[in-house]
Amino acid sequence: MKTKATLKKLTSYEIANFCRQMALLIKAGISPAEGIEILIQDLHDKGSLKLLQQISQVLLSGEQFHVALEMSKVFPDYVVHMVTIGEESGTLDTVMESLADYYDREENIESNIKSAVSYPLIMVFMMLVVVVVLIVRVLPIFEQVFAQLGTSMSGFSQSLLNLGTLLNRYSAGLVVFLVILAALFIFFSSTSAGKKSFRSLLTVFGPTKKLMRELESERFASGMVLTLSSGMDTYEGLSLVAKLVESEEMKNKVESCRNMLIDGDSFPEALEKSKIFSSFYSQMVYVGFKTGSMDAAMKQIAERFEHETERKIFSLISVLEPTLVIILSVIVGMILLSVILPLMGIMSTIG
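Since this is a predicted model, take the numbers as computed values, not measurements.

(A) Molecular detail of the pattern of salt bridges. For the structure shown, the criterion picks out eleven salt bridges. Here Glu 216 and Arg 219 are joined by a salt bridge, their closest N and O atoms 2.5 Å apart. Of the two residues, Glu 216 and Arg 219 both sit in helix α10 (residues 206-229), three residues apart, roughly one turn of that helix. Each member of the pair, Glu 216 together with Arg 219, is buried. A network of salt bridges, in which partner residues are shared, links Arg 20, Asp 101 and Asp 104.

And the structure:
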C-alpha cells in the first residue's frame, strides 16, 4: 500500500486485500481500531506500515473508521462512503467483504485489459525492431555482395535499401520516435489518466467496443451487488454505481434507469428498458426481485460477465498471437527472398 506522502490512491489489488483482512477481523468481533493494530504487528513493508499507523492514530483519537480512511487520502470516495453506510447500519463486516469482492473484480478487469493489450503491443514493437535491423544492417551487406558480383540490387530490395539509408541518415529522429512510443506505452499502462484515456479509446475501437461494453456491465453488476448487500435501496444504489462506471454511455443508461424508477417502473423493467442488461439478465434480476434476493442475482450476473469477458479476451489473444507471428514471418521472408532469389539466379548463371 502507498503512503500518504505520495498522495496516490491505492490500487484495486491493495484495496481488496485491506478490505478482506478487515472483514475477517470485524466478523470475529474485533473493532476496527484493534484490527488495524493486529495488521500493524504483521507488517514489514514501510509504506503500508506508515499508512496503517496513520489510520490507527485517527481511530485512537476517537474518530470513526470511515473518517480515518478519508483522512488517509488514499482510498476512493466510494470506499469511504460505503464504510460510512456500514458503520451507520451495523453491517460493516458485510460491507468490507462486499468491497473486497468488488475490488477483486476490478483488479481482474484491469489485468484482463492489460493482458489483451500488452502482448500485441510488444509483438508490434518487436516486429518494428526486426524489420529495422534487416533494412539498416543486413541489406547493406547484400548490396556489397551484389557490387562484388558486378551487379546491383533492384526493385523491392533496392527500395528497402534506400529506406535503410534514409533511416541511417535520420537515426536521431528514429531514436526520438522510439522513445516517444516507449513513453506513450508507459503513460497508457502506468498512469491513471493514461489508463482512462486508453479505455476511452478502446470503447470506440471496433474490435474491442463490444468487449468494453460488457466490462462496463460487469462493473455495474458488481457495484449493485455491493450496494444491495449493504441494505441500500435500488435508487440510492444506482446513484452510487453511476460514479463507479467510466464510460459516458453507461452513465447515461444508469441515469435513465433511475428516471424510470421515479416514473414507477420496477427495477428489472428499468434495467431492460435502459438497455443496461439484455432481456436474459433482466429476467435473472426479475427472479431475484420476486424472491427478495436481488443481491445474489446480481452477483451471479457479475460472475457470468466476468467469465464471459475472460473467455473473449483469451480468445482474442489466442487469435492475435499466431496472426502476429505469421505477419512477422511473411515480412521477414519477403525482405530476405527479395535479395536471396536474385542472388541465387546470379550464382547459377556464374556456375
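Following the structure, the description resumes.
(B) Highlighting the environment of Glu 37. By the element assignment, Glu 37 lies in helix α2 (residues 32-41). Along the chain, Glu 37 and Leu 52 lie 15 residues apart, while their C-alpha atoms are 8.1 Å from each other. Discounting residues that sit within four places of it in the chain, Glu 37 has contacts with Ser 56 and Leu 60. Among the polar contacts listed, one links the side chain of Glu 37 to the side chain of Ser 56, at a separation of 2.3 Å.

(C) Quick look at the packing of aromatic side chains. The final tally for this structure, using the stated rule, is eight aromatic pairs. Here Phe 18 and Phe 75 contribute two aromatic rings whose centre-to-centre distance is 5.2 Å and whose plane-to-plane angle is 50°, an arrangement assigned as tilted. Residue Phe 18 is found in helix α1 (residues 12-27), and its partner Phe 75 is found in the loop between α4 (65-72) and α5 (77-89); the two are separated by 57 residues along the sequence. Classification of Phe 75 as buried rests on a relative accessible area of 2%. Here the aromatic rings of Phe 280 and Tyr 281 are separated by 5.3 Å at their centres, their planes lie at 70°, and the arrangement is edge-to-face. Ring pairs connect the aromatic residues Phe 220, Phe 277, Phe 280, Tyr 281 and Phe 305, which therefore count as one cluster. One residue, Arg 258, lies across the ring of Tyr 235, its end atom 4.3 Å from the ring centre.

(D) Region of the structure containing the nonpolar core. If you look at the biggest cluster of nonpolar residues, it comprises 39 residues, and the most contacted ones within it are Phe 18, Ile 55, Phe 65, Met 96 and Leu 99. Looking at this core, the elements with two or more residues in it are α1, α2, α3 (46-60), α4, α5, α6 (92-148) and α11 (234-244). In terms of residue count, α1 provides more of this core than any other element does, eight residues in total.

(E) Focus on the packing of α3 against α4. Axis separation between α3 and α4 bottoms out at 9 Å; the angle between their running directions is 135°. Taken together, the axis directions place α3 and α4 in an arrangement best described as oblique. The two elements α3 and α4 meet at a crossing, and its hand is right-handed. Mapping the contact onto sequence places Leu 51, Gln 54, Ile 55, Val 58 and Leu 59 in α3 and Phe 65, Ala 68, Leu 69, Met 71 and Ser 72 in α4.

(F) Broad picture of α2. Those residues of α2 lying buried are Pro 32, Gly 35, Ile 36, Leu 39 and Ile 40. What you see down the axis of α2 is that its buried residues fit within an arc of 140°, all on one side.

(G) Quick look at the side chain of Ser 282. Locating Ser 282 in the fold gives a position in helix α14 (residues 279-291). Other than its neighbours up to four places away in sequence, Ser 282 contacts Pro 268, Leu 271, Glu 272 and Phe 277.

(H) Broad picture of the packing of α2 against α3. Their axes nearest at 9 Å, the elements α2 and α3 cross at an angle of 155°. Taken together, the axes of α2 and α3 lie roughly antiparallel to each other. Relative to α3, the crossing made by α2 is left-handed. Touching Pro 32, Ala 33, Ile 36, Glu 37, Leu 39 and Ile 40 of α2 are Leu 49, Leu 52, Gln 53, Ile 55, Ser 56, Leu 59 and Leu 60, all from α3. When its residues are assigned to classes, the contact of α2 with α3 shows ten nonpolar, two polar and one charged.

(I) Region of the structure containing α1. Taking 1.5 Å as the rise per residue, α1 with 16 residues should run 22 Å; its terminal C-alpha atoms sit 22 Å apart, in good agreement. Ser 12, Glu 14, Ile 15, Ala 16, Phe 18, Cys 19, Met 22, Ala 23, Leu 25 and Ile 26 are the residues of α1 that are buried. At the C-terminal side of α1, Gly 29 shows a positive phi close to 90°.

How each quantity is defined
- Residues numbered from 1 in each chain as written.
- Predicted model: local features only at pLDDT ≥ 70, side-chain atom pairs only at ≥ 80, totals over all residues.
- Heavy atoms only, no water.
- Salt bridge = Lys/Arg side-chain N within 4 Å of Asp/Glu carboxyl O.
- Helix = DSSP H or I, 4+ residues; strand = E, 2+ residues; numbered from the N terminus.
- Buried < 20%, exposed > 50% of the residue type's maximum accessible area, 1.4 Å probe, protein only.
- Contact = heavy atoms within 4.5 Å.
- Polar contact = N/O pair within 3.5 Å; in protein donor to acceptor, adjacent residues only side chain to side chain.
- Phe/Tyr/Trp six-rings, centres within 6.5 Å; stacked < 30°, edge-to-face > 60°.
- Lys NZ or Arg CZ within 6 Å of the ring centre and 35° of its normal.
- Core = buried A, V, L, I, M, F, W, Y, C linked by side-chain atoms within 4.5 Å.
- Axes fitted to C-alpha atoms, helices over the stretch in contact; angles between N-to-C directions.
- Parallel < 35°, antiparallel > 145°, perpendicular 65-115°, else oblique.
- Left-handed = near helix turned anticlockwise from the far one by under 90°.
- Arc of directions from axis to C-beta.
- Nonpolar A, V, L, I, M, F, W, Y, C, P; charged D, E, K, R; others polar.
- Expected span 1.5 Å × (residues − 1).

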